[in-house]
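Below, each chain spelled out in residue letters.
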Amino acid sequence: MLRRAIFLVSLFAFCLLIFSAKIKNPITIKLKNGETYRVKKLYVMGSAEPDRFWYTDKDGFYTDVSFNDLVEIKNTPKGIFIVKIRTGTEKVKKVENIKFRFNNGRGRELMVPLSDIEYIRFTTHKCDKICPLGHIFRNTDFIFCPYDGLMLKPLETEKVETID
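So, a few notes on the structure that sits alongside this text. The structure displayed is predicted, hence computed values, not measured ones. (Residues numbered from 1 in each chain as written. Predicted model: local features only at pLDDT ≥ 70, side-chain atom pairs only at ≥ 80, totals over all residues. Heavy atoms only, no water.)

1. Let's talk about the pattern of salt bridges
Then step 1. For the coordinates displayed, the defined rule picks out 5 salt bridges.
Then step 2. A salt bridge links Arg52 to Asp64; the shortest N-O distance between them is 2.6 Å. Taken together, the residues span a long stretch of sequence, with Arg52 in strand 4 (residues 52-57) and Asp64 in strand 5 (residues 62-66) at a distance of 12 residues.
Then step 3. Look at Arg52 and you get partly exposed, because its relative accessible area is 23%.
Then step 4. The closest approach of N and O atoms between Lys84 and Glu90, which form a salt bridge, is 3.9 Å.
Then step 5. Look at Lys84 and you get buried, because its relative accessible area is 16%.
Then step 6. Judged by its relative accessible area of 16%, Glu90 falls in the buried class.
Then step 7. When salt bridges with common partners are traced through the structure, they connect Glu49, Arg52 and Asp64 into a single cluster. (Salt bridge = Lys/Arg side-chain N within 4 Å of Asp/Glu carboxyl O. Helix = DSSP H or I, 4+ residues; strand = E, 2+ residues; numbered from the N terminus. Buried < 20%, exposed > 50% of the residue type's maximum accessible area, 1.4 Å probe, protein only.)

Dropping the structure here:
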């Protein structure tokens, strides 16, 4: 009886340890002024769906994207680039200066326009990724290659040949 109780208590403690090991702040936001925030939730202000926004893609089509489909949003001097899970990096032709709302970790809500953000990195998704040296990882949430430490990029499946 005592063994069973000890086993159940240790199993419960192990489960708590596993669940607490999850990424606590899966979104990294870096502002152009150098401030960096790690947040749990990010919202698009004024949107009916707080995790989606609309933009015009490079072909001129007005399309929407969900945070679940994104790896990163980069705001560079050359323009805004969106890195999607399945298709990789694409340049945005036009996007409204949307505002993002998040908690800064000290209890204060911040509302920051896209023009003030350098990048937003999402780290909770899993996708097929490739290392610059060619290592391919299927359905992974790795950020760096475990073999050589290089940053992984989303695998663009239409450019990869497979041999059956």
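2. Digging into the packing of aromatic side chains
Then step 1. This structure, assessed with the given rule, holds 7 aromatic pairs.
Then step 2. With a centroid separation of 5.3 Å and an interplanar angle of 55°, the aromatic rings of Tyr37 and Phe102 are classed as tilted. Taken together, the positions of Tyr37 in strand 2 (residues 36-39) and Phe102 in strand 9 (residues 99-103) put the pair 65 residues apart, joining distant regions of the chain. We note that Tyr37, like Phe102, is buried.
Then step 3. Judged by centre distance (6.3 Å) and plane angle (35°), the rings of Phe67 and Phe100 are tilted. Of this pair, Phe67 sits in the loop between strand 5 and strand 6 (70-76) while Phe100 sits in strand 9, and the two are 33 residues apart along the sequence. (Phe/Tyr/Trp six-rings, centres within 6.5 Å; stacked < 30°, edge-to-face > 60°.)

3. Brief notes about the sheet that holds strand 5
Adjacent strands of a sheet pair through backbone hydrogen bonds, lying either parallel or antiparallel.
Then step 1. One open sheet accounts for 8 strands, arranged 2-1-11-6-7-8-4-5; its pairing is antiparallel. At either end of the open sheet lies a strand with only one pairing partner, and these are strand 2 and strand 5. For this sheet, the mean angle separating the axes of adjacent strands, direction not counted, is 30°.
Then step 2. Looking at chain direction, strand 1 (residues 27-31) and strand 2 are connected through 4 bridges and run antiparallel. The residue of strand 2 that forms the bridge with Lys30 is Thr36. (Pairing = 2+ DSSP bridges. Axes fitted to C-alpha atoms, helices over the stretch in contact; angles between N-to-C directions.)

4. Focus on the sheet that holds strand 14 (residues 153-154)
Then step 1. Across the sheet, which stays open at both edges, the 3 strands sit in the order 13-12-14 with antiparallel pairing between neighbours. Looking at which strands have only one partner, the edges of the open sheet turn out to be strand 13 (136-140) and strand 14.
Then step 2. Note: strand 12 (residues 127-130) against strand 13, 3 bridges, orientation antiparallel. From the neighbouring strand, Cys127 faces strand 13, where its bridge partner is Thr140.

5. Let's talk about the pairing of strand 4
Then step 1. Judged from the 5 bridges that link them, strand 4 and strand 5 form a sheet pairing that is antiparallel. Within strand 5, the residue paired with Arg52 across the bridge is Ser66.
Then step 2. Once strand 4 ends, the chain turns through 4 residues before running back antiparallel as strand 5, passing Gly60 with a positive phi of about 90°.
Then step 3. Pairing geometry for strand 4 and strand 8 (residues 88-94), over 2 bridges, is antiparallel. Residue pairing in the sheet places Asp57 in a bridge with Val92 of strand 8.

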